[in-house]
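Spelled out from the first residue to the last, the chains are:
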Amino acid sequence: MKDTKKKTIAGSIRNVFQSRKDKGIEERHRRENPPKEEKSPSAGSEKEIDSDVVLNMYSTVSTFYRQTLVFLHRQAIEEGLDGINPLMLMTILRNEGIGQDELAKKIRFDKGAMARTIRQLVEKGYLIRVRDPEDGRKYNLHTTEKCKELTPALEKIALQYEKVIHGNMTTEQVLVMRSLMEKASENLFRSNKEHHYAAESESHEY
């Protein structure tokens, strides 16, 4: 019985020392081989990615916008319409009697820049401003006979523009492009309006 007791005590002592030894080995292993931290995207890298997205989008939209203005201006000169904004006149011709506020929403013009352009078109005899019968503070826009005579030239410019920008595109691609551009434009327009910002540019004027 005494031998059994001795064996039991000896076994317990060995277990204690073995346990301490194992813990020591584990501790040394942890010190020598610290766990590798998983690399998560840093704030800098996220900003860099976001920055690339913004820059690429801005470059694409800015280029499209500038080239559109250059194209319309060139086409207007070729049609003998130098100093005229084709987009604005085409919109008014297709929406006779449209209000200035509604026109600004349709063509996404800043109201200040649009007011100056309309004043120039009135002075040149292409438009007439008539007070809104329901709201004397507002004006509706009507085209003159002189403006209506420009319809064939304006339609030609519109068709030529459509032909150029839709070149090498399938019908599906054209529809998707229009839908995405309209949605993106509407999102930005609504955001800027909510924060009382207006994107005004002298390049809106011819």
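Everything quoted here is computed from the prediction, not taken from an experiment.

Visitor: Before we go on, may I ask you to explain the overall build of the chain in this structure?
Guide: Helices and strands together make up the secondary structure of the chain, namely eight helices and three strands. Its helices and strands in sequence order give the chain the pattern α-α-α-β-α-α-β-β-α-α-α, from N to C terminus. A buried classification covers 24% of the 206 residues belonging to the chain. Long-range pairs, those at least 24 residues apart, make up 61% of the contacts in the chain with a sequence separation of at least 6. For the chain, the exposed surface amounts to about 15,600 Å²; the carbon and sulfur share of it is 55%.

Visitor: Help me out: how do you make sense of helix 3 (residues 86-94) in this one?
Guide: Helical geometry note: an α-helix holds 3.6 residues per turn, so side chains three or four residues apart project in the same direction. Most of helix 3 sits out of view: seven of its nine residues are buried. Buried residues of helix 3: P86, M88, L89, M90, T91, I92 and L93, and no others. In this structure N85 caps helix 3, since a side-chain oxygen of it lies 3.1 Å from the backbone nitrogen of L87.

Visitor: So what exactly am I meant to see when it comes to the layout of surface pockets here?
Guide: By volume, the second largest pocket is sized at about 170 Å³. The wall of the second largest pocket is formed by G99, Q100, D101, E102, R129, D132, R137, K138, Y139 and N140. Residue assignment for the lining of the second largest pocket shows that the elements contributing at least two residues are helix 4 (100-107), strand 2 (127-132) and strand 3 (135-143). Ranked by the residues each element gives to the lining of the second largest pocket, the list is headed by strand 3, at four residues. Of the residues in the lining of the second largest pocket, the class split is one nonpolar, three polar and six charged.

Visitor: For this particular structure, what's the right way to read the side chain of N85?
Guide: Checked against the element boundaries, N85 lands in the loop between helix 2 (43-78) and helix 3. Looking at N85, its side chain comes within polar contact range of the main-chain nitrogen of L87, at 3.1 Å. A polar contact is formed between the side chain of N85 and the backbone nitrogen of M88, at a distance of 3.1 Å.

Visitor: Looking at this structure, I do not really get the confidence of the model for the chain. What am I missing?
Guide: As a general rule, the predicted coordinates of low-pLDDT regions are not to be interpreted in detail. Mean pLDDT over the chain: 77, with 70% of residues reaching 70 or higher. Within the chain, the element-level pLDDT minimum falls on helix 1 (residues 2-32), averaging 53, and the maximum on helix 6 (residues 145-148), averaging 93. Within the model, pLDDT remains below 50 along residues 199-206, and this stretch shows 27 contacts once partners closer than five positions in the same chain are excluded.

Visitor: Mind showing me how you'd approach the environment of D82 here?
Guide: Relative to the elements of secondary structure, D82 occurs in the loop between helix 2 and helix 3. Under the relative-accessibility criterion, D82 is labelled exposed at 54%. Not counting chain neighbours up to four residues away, the residues in contact with D82 comprise H73, A76 and I77.

Visitor: Looking at this structure, how should I read the pattern of salt bridges?
Guide: Side chains that differ in sign of charge can pair as their charged atoms come close. One pass over the full model with this rule turns up five salt bridges. The residue R94 makes a salt bridge to E155 at a minimum N-O spacing of 3.0 Å. Of the two residues, R94 sits in helix 3 while E155 sits in helix 7 (residues 151-165), which places them 61 residues apart along the sequence. On the accessibility criterion, E155 (31% relative accessible area) is partly exposed. Measuring nitrogen to oxygen at the nearest pair gives 3.9 Å for the salt bridge that ties R190 to E186. Placement of both R190 and E186 in helix 8 (residues 171-194) is noted, with a separation of four residues, approximately one turn of the helix. Of the residues examined, R190 reaches a relative accessible area of 38% and is grouped as partly exposed.

Procedures and definitions
Counting restarts for each chain: residues are numbered from 1 in the order of the written sequence. At least 70 in pLDDT is required for a residue's local features to be given in this predicted model, at least 80 for side-chain atom pairs to be given and counted, and no such filter applies to totals for whole chains, interfaces and linings, which use all residues. Side-chain numbers here rest on the full set of heavy atoms in the structure, without hydrogens or water. Strands here mean DSSP runs of E at least two residues long; helices mean DSSP runs of H or I at least four residues long; both are numbered from the N terminus. Per-residue accessibility, obtained with a 1.4 Å probe over protein chains only, is compared with the maximum for each type, and a residue is labelled buried under 20%, exposed over 50%, and partly exposed between these values. Contact definition: two residues touch when any of their heavy atoms are within 4.5 Å. Surface accessibility follows the Shrake-Rupley procedure with a 1.4 Å probe radius. Residue values consider only the protein chains on display as shielding. Between N or O atoms, a polar contact is any pair within 3.5 Å; within protein, one atom must be a potential hydrogen donor and the other a potential acceptor, and residues adjacent in sequence are included only when both atoms are from side chains. Here a cavity denotes a set of grid points, spaced 1 Å apart and computed over the protein atoms alone, in which a 1.4 Å probe fits but from which it cannot get out, and a pocket denotes an open set meeting protein on both sides within 12 Å along at least five of seven lines; residues with an atom within 4 Å of a point are reported as lining. Grid points are joined across faces, edges and corners, and a volume is the space filled by probe spheres set on the points. When residues are grouped by polarity, Ala, Val, Leu, Ile, Met, Phe, Trp, Tyr, Cys and Pro land in nonpolar, Asp, Glu, Lys and Arg in charged, and all others, Gly among them, in polar. Think of pLDDT as the predictor's per-residue confidence, scored from 0 to 100. In the sections that follow, a salt bridge refers to a side-chain nitrogen of Lys or Arg positioned within 4 Å of a carboxyl oxygen of Asp or Glu.

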